[in-house]
Amino acid sequence: MLNRAVLTGRLTKDVDLRYTQSGTAVGSFILAVDRTFKNQQGEREADFVNCVIWRKSAENFANFVRKGSLVGIDGRIQTRNYENQQGNRVYVTEIVVENFALLQSRNDGQNGASQTPPPAGYGNQPGNSSNGVADPFGGNGDSIDISDDDLPF
C-alpha cells in the first residue's frame, strides 16, 4: 500500500506546539496550498490542509517557521475520529509530517518577524556536513585537479 502526501504551501498561523503527558512534542498547523487553476472569477483558490508533526521535528519546525512561511512537507494522510464534549463523533483527516523543507530564507519572511538562525550544522550548507567537519567536496566553485592516475578504476 502507498500513502504519501507531498505539499508546498504557506502556514496560516504559527505552529501550535504542545507536549503530551509523556513529554512528547507535537505540533499542529494548517498549510494553505494554492490550486493550479483559477475559478470563474479569475482568482486562484487554496486548500487549507491540517498537518501534525511529532517529536524533535516538531520543536525544530516550530522554532524556524512563522505565519506565512513557505514550506514543503512530505508525509502520510491519516484519518482519526473522537467523541467531542457534546457527545458527537468528529472525524479528522490530516497529514502526518515526516520530513519538511524551509523554502524561503529568513530574510524573505512575509511578516518581517525576526527568526532565530538555525543551529550550526543545520541543513546542507556547502562545505559543511551535519557533524561540523568540512566537506571535501563542498561547493566553493573551484575546479578540482585530479589526474587519471589518482582514480581507482
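Throughout what follows, the structure given in this document is the object of discussion. Being a predicted model, the structure only gives us computed values, none of them experimental. (Residues numbered from 1 in each chain as written. Predicted model: local features only at pLDDT ≥ 70, side-chain atom pairs only at ≥ 80, totals over all residues. Heavy atoms only, no water.)

Turning next to the overall build of the chain. Scanning the chain for helices and strands turns up one helix and six strands. N-terminal to C-terminal, the α/β element order of the chain is β-β-β-β-α-β-β. With 153 residues in all, the chain has 24% of them scored as buried. Sequence-distant contacts, at least 24 apart, represent 54% of the contacts inside the chain between residues at least 6 apart. For the chain, the exposed area adds up to about 11300 Å²; of that, 47% sits on carbon and sulfur atoms. (Helix = DSSP H or I, 4+ residues; strand = E, 2+ residues; numbered from the N terminus. Buried < 20%, exposed > 50% of the residue type's maximum accessible area, 1.4 Å probe, protein only. Contact = heavy atoms within 4.5 Å. Areas by Shrake-Rupley, 256 points an atom, 1.4 Å probe, with all protein chains shown as cover.)

Within this structure, the stated rule accounts for two aromatic pairs. Among the aromatic residues, those joined into a ring-pair cluster are Phe29, Phe61 and Phe100. (Phe/Tyr/Trp six-rings, centres within 6.5 Å; stacked < 30°, edge-to-face > 60°.)

Ranked by internal contacts, the top residues of the largest apolar core, which has 19 residues, are Leu11, Phe29, Leu31, Cys51, Phe61 and Ile73. Those elements that provide at least two residues to this core are β1 (5–11), β3 (25–38), β4 (44–54), α1 (55–64), β5 (70–83) and β6 (89–102). Considering each element in turn, this core owes the most residues, four residues, to β3. Once residues within four sequence positions are removed from consideration, Ile73 is found in contact with Ala5, Val6, Leu7, Phe29, Leu31, Cys51, Ile95, Val97, Asn99 and Phe100. (Core = buried A, V, L, I, M, F, W, Y, C linked by side-chain atoms within 4.5 Å.)

This part is about the pattern of salt bridges. Inspection of the entire model under this criterion finds nine salt bridges. The shortest N-O distance in the salt bridge between Asp16 and Arg18 comes to 3.1 Å. Residue classification places Arg18 among the exposed residues on the basis of a relative accessible area of 55%. Residues Glu45 and Arg35 are paired through a salt bridge, measuring 2.9 Å at the closest nitrogen-oxygen approach. Of this pair, Glu45 sits in strand β4 while Arg35 sits in strand β3, and the two are ten residues apart along the sequence. Looking at Glu45, the relative accessible area reads 32%, which means it is partly exposed. Residues joined in a network through salt bridges with shared partners are Arg4, Asp74, Arg76 and Glu98. (Salt bridge = Lys/Arg side-chain N within 4 Å of Asp/Glu carboxyl O.)

This paragraph deals with the pairing of β5. Sheet analysis places β1 next to β5, joined by six bridges and oriented antiparallel. The residue of β5 that forms the bridge with Arg10 is Leu70. Here 13 bridges tie β5 to β6, and the two strands are oriented antiparallel to one another. Paired with Ile73 across the strands is Phe100, a residue of β6. Count of turn residues in the β5/β6 antiparallel hairpin: five residues, of which Gly87 carries a positive phi of about 85°. (Pairing = 2+ DSSP bridges.)

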